[in-house]
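As a plain string of letters, each chain reads:
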Amino acid sequence: MEKITNSRIREEYLRIKHKSGATILLYPMKGYSTAYALFGTKYGSVDTTFKTNADKDFVTVPEGIAHYLEHKLFENDECDAFELYAKTGANANAYTSFDKTAYLFSCSQKFEENLEILLSFVQEPYFTDETVAKEQGIIGQEIRMYEDDPGWRVFFNCLQAMYSKNPVRIDIAGTIDSIAQINKDLLYRCYNTFYNLNNMVISIAGNFDVDKTLEICDRLLKPSEDLGLKVIVPDEPLQVCTKRTTQKLSCAIPLFNIGFKFPAYEGKERYRNFIIYNILMEMCLGKTSDFYNTQYENGLINETFNVGVFCGRGYFSVIADGESRNPDKVMQEVKDELCRIKHDGLNKDEFVTIRNKTYGELVAGFNNVESVANNMLDYEINGIGIYDGIEIVAGVTFDDIKQALDEMDIENSVISIIEPAD
Amino acid sequence: MDNIINRRQIADGVYFSSITDSRYKKNYITVSFFDELSEDRATENSMVPCVLANRNSDYPTYKLLKNKLSTLYGASISTLSGRKYDLHYTGLSAYFLDDVYALSGEKITEEMTDILIKCLFSPVIENGAFPQSVINLERQTVIDDIETVINDKRSYAINRMLTTLCEGEPTAVMPQGTLEKANALTPENTYAAYKRLICNTHCEIMCVGCNDFKDVADEFTTAFSKIDRNNIRDYSLKISPIKEKTAEVTEKLSVNQSKMVLGFKSHSEDMGALVMMQKIYGGTTSSKLFMNVREKMSLCYYCSASFNEVKGLLIVDCGVEQENIEKAKAEIIRQLDEIKNGNFTDDDIMFAEMSLINNLNGIGDSAQGVAGWYIDHIVKDRIETPAKELEKYIGVSKERIIEAAKSCVLDTVYVLTSLDE
């Protein structure tokens, strides 16, 4: 058991490598009424080709299967996990992202009972042909809902334009056709591969008792043998796939995503670059930048304009998104501005201001039970600790930012546009 | 949440409330002006916070103000504008790190109070009105807000349904306003709307954070003492009348998935039973709508019910394939009939109670949650803690829940569906 402390915010939490194989992160927060717990696996929509020591060959599974599995795990042979949570009143949910799947609850009472429910159902898969088939209607409607969401579509079209091989280009829920190929055997194979406790993290923050929590973990976590999981991350070309992509959907003003593709980084280096490029982009294109103010006043962009880093296992990019009646002009102005700053240089005072702002936002995240629990899980899955972010921000120098801009290939970029349907 | 709200009047129709809680690392201040929703005033009222939030006499441009806020650890000034029952609230909020966490001893609270007050009471003025350049800029923000309502099909469908469900009532008015009125916004009519809001409407200042807010209260008291507050518009909230015949509206749009919204109305005064009934019907993941329309019949990804106790509205919404609309509608109505017929268990009642206990106990864990809770209850003229409110729900009998369900009448059915048929 490791106690991790941070002197800047005067807080601490526990990190336990449990004998079952799972990693447990416990962040008690005094005075809070709620507790928020996640049981997560390092398994997301990008993990489509994999094997363990027990398998002879790699297998490639249908798109959207991690998300499908998330839906199905809520059911066992007797009841639905939602029915169990109903008895405690907890708010329960689950989500699948590109690089992880997490099952969660928040509660202000009966924490131990809720934790028992969470740890039990995630470790007890139960799939039949009937229950798998039933879910196709529900997930089908989820997919259809996102098909109508211009903000979602413009983002995935951008990813497809940037990436030709990495499965990040695939919609997390898959497609109506891909989910039709999913059956119970495939679900069990994915479950047995990725829901091994050596690949899983339990993250809890807020109002709970550490000793009782560990007692429940000792009792319910089933020891797993490390099976030597291997996931293939396809070799992704450095260059973007398509420079421009458009789609028509029902919306009022065209939406755009402008994506800049970078080489992928791993572990702490990825997080450090995440911070560096976020600060750089905030300086160049953020709300206090000359670019934002000029183009806002010109009416080219509006308040929805935003820029940030999007990264994970095997991919790293910067995406500027927003609404504009002339998205191609926005793209040109963004590129021109980055070239101009590359030539004229960055402002050191602005760097200090933006770094302080980033620091303030990170500290504020420790205000909230839900964000502490989610961030602990997210950081752990990416191989770092929750306080590392604060320390990385404090340690970033002006030279780091200058170097990042020098290394950025401005032309390795794409634009995705959603135009209003006729 | 044990914190008791400290609320007092600081000027004619202006109230200052504060809640101090050492858990929060940030402080949150909202200043909201309340006007009855009306097509005449909604657009101009929405425009006012856009003009005020991005500049003041000390920081006359967007860039200068945003730069200043960045130096205060990413503090923010945001616009407030939206529908609260029959009312339109507009104003500004400030959210900032408490002084305790500043790296170099900056007095963030003092500076942010000053910035917020200057945004509200010392805006940039030219020739007795807002500058034309500012109006040109922010008018586009208002127009974009009106136009992009369509992007989120779920909330778009609910808003469209409300225009029929509450036809002729203030609630039916879109708080964003209309394009026609937005195009007619001028420095003069926006300034007149601004004066009307700060001089003639009810105002609530709500502070939640680890600060004691004593200096903040003094600053606001001084600021309002310089405003000529008069003819404060009173407001009243009215329950929505029930139509004699169910209205049915179908709208066609280029969409893949259809949206259906069913609006029921109740004139029962048994709020405890109505809220419990809504929970059992469609308020949780063990509710009748979730377990049947979604889980058993696989018709929808989401299908849930919400309840507006002031207006007496029970609203069910779902996303569904066009060919399944009638099937989903029949099942949604059938599940309400099940409750009317008493076909639910003591467990269902207990699950609803547990869900309410869980949700209400957690409200105190975020500053925004606390602020939202009390603003809502002040508007309803019923200030009470979540714990006190919970007493209304615990122990509601099955009979009362059945009666609450029986009091619900289907008033409006709205369907948004694809163009091709």
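Residues numbered from 1 in each chain as written. Chains lettered and ligands numbered in written order. Predicted model: local features only at pLDDT ≥ 70, side-chain atom pairs only at ≥ 80, totals over all residues. Heavy atoms only, no water.

Enquirer: Please clarify how the pattern of salt bridges should be interpreted in this entry.
Expert: Side chains that carry opposite charge are capable of pairing whenever their charged atoms lie near each other. If you walk through the whole model with that rule in mind, you get 66 salt bridges over all chains. Salt-bridge contacts for Glu321(B) lead to Arg144(A); the nearest nitrogen and oxygen are separated by 2.8 Å. Taken together, the positions of Glu321(B) in the loop between β10 (313–320) and α11 (325–340) and Arg144(A) in helix α4 (residues 129–147) put the pair across two chains. Residue Glu321(B) shares its accessibility class with Arg144(A), and that shared class is buried. (Salt bridge = Lys/Arg side-chain N within 4 Å of Asp/Glu carboxyl O. Helix = DSSP H or I, 4+ residues; strand = E, 2+ residues; numbered from the N terminus. Buried < 20%, exposed > 50% of the residue type's maximum accessible area, 1.4 Å probe, protein only.)

Enquirer: Any chance you could explain the sheet that holds β10(B) here in plain terms?
Expert: Pairing between the strands of a sheet comes from backbone hydrogen bonds, and it takes one of two forms, parallel or antiparallel. All names here are of chain B. One open sheet accounts for five strands, arranged β7-β11-β8-β10-β9; its pairing is mixed. Strand pairing shows two members of the sheet lacking a second neighbour, β7 (247–253) and β9 (300–308), which therefore form its edges. Along the sheet, successive strands turn relative to each other by an average axial angle of 15°, direction set aside. The pairing of strand β8 (residues 258–265) with strand β11 (residues 409–418) spans seven bridges and is classified as antiparallel. Note on β11: the bridge partner recorded for glycine 263 is threonine 412. Relative to the sheet, helix α10 (residues 288–296) contacts β9 and β10, its axis offset from that of β9 by approximately 155°. (Pairing = 2+ DSSP bridges. Axes fitted to C-alpha atoms, helices over the stretch in contact; angles between N-to-C directions. Contact = heavy atoms within 4.5 Å.)

Enquirer: Sorry if this is basic, but what is going on with the domain arrangement of chain A here?
Expert: Frequently, the measure chosen for interface size is the accessible area removed from exposure when the parts meet. All names here are of chain A. When its domains are assigned, chain A resolves into domain 1 (2–231) and domain 2 (244–420). Between the C-alpha centres of domain 1 and domain 2 the distance comes to 28 Å. Counting residues at the interface gives 49 residues for domain 1, matched by 44 residues for domain 2. Taken over both partners, the interface formed by domain 1 and domain 2 buries close to 3,900 Å², and the fraction arising from carbon and sulfur atoms is 66%. For domain 1, the biggest contributors to the area lost against domain 2 are Arg8, Val154 and Met162; these three give 16% of the whole. The interface formed by domain 1 and domain 2 holds four salt bridges in total. A salt bridge links arginine 8 to glutamate 391, with the nearest nitrogen and oxygen atoms 3.1 Å apart. Viewed at the interface, domain 2 and domain 1 are joined by 18 residue pairs in polar contact (both at pLDDT 80 or more). In terms of residues, the side of domain 1 that touches domain 2 owes the most to one element, helix α5 (residues 150–162), which gives ten residues. Grouping the constituent residues of the side of domain 1 that touches domain 2 by class yields 26 nonpolar, twelve polar and eleven charged. (Domains from an automatic or database assignment. Buried area = accessible area lost by both parts, 1.4 Å probe. Polar contact = N/O pair within 3.5 Å; in protein donor to acceptor, adjacent residues only side chain to side chain. Nonpolar A, V, L, I, M, F, W, Y, C, P; charged D, E, K, R; others polar.)

Enquirer: Please explain the packing of aromatic side chains as it appears in this structure.
Expert: Two measures describe an aromatic ring pair: the distance that separates the ring centres and the angle between the ring planes. Tallying each qualifying case throughout the model produces 50 aromatic pairs over all chains. Pairing Tyr13(A) with Tyr27(A) gives two aromatic rings, centres 5.6 Å apart and planes at 10°, and the pair type is stacked. Of this pair, Tyr13(A) sits in strand β2 (residues 11–17) while Tyr27(A) sits in strand β3 (residues 23–28); the two residues are 14 residues apart in sequence, bridging distant segments of the chain. Since its relative accessible area comes to 4%, Tyr13(A) is described here as buried. Over the ring of Tyr15(B) we find Arg7(B), and its NZ or CZ is 4.2 Å from the ring centre. (Phe/Tyr/Trp six-rings, centres within 6.5 Å; stacked < 30°, edge-to-face > 60°. Lys NZ or Arg CZ within 6 Å of the ring centre and 35° of its normal.)

Enquirer: How should the pairing of strand β6 (residues 202–209) of chain B be read in this particular structure?
Expert: The two faces of the sheet receive side chains in turn, since in a regular strand these alternate between them. Residue and element names in this part refer to chain B. Counting buried positions along β6 gives eight out of eight residues, so the element sits mostly inside the fold. Taking every second residue as pointing to the same face, both faces of β6 are buried, with His202, Glu204, Met206 and Val208 on one and Cys203, Ile205, Cys207 and Gly209 on the other. In this sheet, β6 lies alongside strand β2 (residues 14–20) in parallel orientation, the contact comprising seven bridges. Paired with tyrosine 15 across the bridge in β6 is glutamate 204. Here strand β3 (residues 26–36) runs beside β6; their pairing, made up of seven bridges, is antiparallel. If you follow tyrosine 28 over to β6, its bridge partner there is valine 208.

Enquirer: What should I look at first to understand the environment of Phe307(B) in this one?
Expert: Residues and elements named next belong to chain B. Note on placement: phenylalanine 307 falls in strand β9. Under the relative-accessibility criterion, phenylalanine 307 is labelled buried at 18%. Between the C-alpha atoms of phenylalanine 307 and lysine 265, which are 42 residues apart in sequence, the distance is 9.5 Å. Excluding residues that lie within four positions of it along the chain, phenylalanine 307 makes contacts with Met271, Leu274, Val275, Gln278, Gly312, Leu313 and Leu314.

Enquirer: For this particular structure, what's the right way to read the domain arrangement of chain B?
Expert: Residue and element names in this part refer to chain B. Taken domain by domain, chain B comprises domain 1 (6–225) and domain 2 (247–418). Here domain 1 and domain 2 have C-alpha centroids that lie 31 Å from each other. Tallying the contact residues gives 31 residues for domain 1 and 35 residues for domain 2. Between domain 1 and domain 2 lies a buried interface of about 2,800 Å² when both sides are counted; carbon and sulfur atoms form 72% of it. Its largest share of buried area at the contact with domain 2, domain 1 owes to Tyr85, Arg154 and Leu165, together 24% of the area lost on that side. Our count for the contact surface shared by domain 1 and domain 2 stands at six salt bridges. Among the ionic pairs, lysine 311 bridges to aspartate 86, the shortest N-O distance being 2.9 Å.

Enquirer: How should the sheet that holds strand β6 (residues 59–60) of chain A be read in this particular structure?
Expert: All names here are of chain A. Pairing is antiparallel in the open sheet, where three strands are placed in the order β6-β5-β10. A single partner strand is all that each edge strand has here, and the edge strands are β6 and β10 (230–231). Looking at chain direction, strand β5 (residues 49–51) and β10 are connected through two bridges and run antiparallel. The residue of β10 that forms the bridge with phenylalanine 50 is valine 231. Sheet strands in contact with helix α7 (residues 184–194) are β5, β6 and β10, and its direction is about 65° off that of β5.

Enquirer: Please explain the interface of chain B and chain A as it appears in this structure.
Expert: Counting from both sides, the interface comprises 59 residues of chain B and, opposite them, 63 residues of chain A. Both faces combined, the contact of chain B with chain A buries some 5,400 Å², and carbon together with sulfur accounts for 52% of it. A salt bridge links Asp144(B) to Arg325(A), with the shortest nitrogen-to-oxygen separation between them at 3.1 Å. Inspection of the region where chain B meets chain A yields 32 residue pairs in polar contact (both at pLDDT 80 or more). Among the elements that line the side of chain B that touches chain A, the one with the most residues is helix α12 (residues 346–362) of chain B, at nine residues. Residue classes in the side of chain B that touches chain A are distributed as 24 nonpolar, 21 polar and 14 charged.

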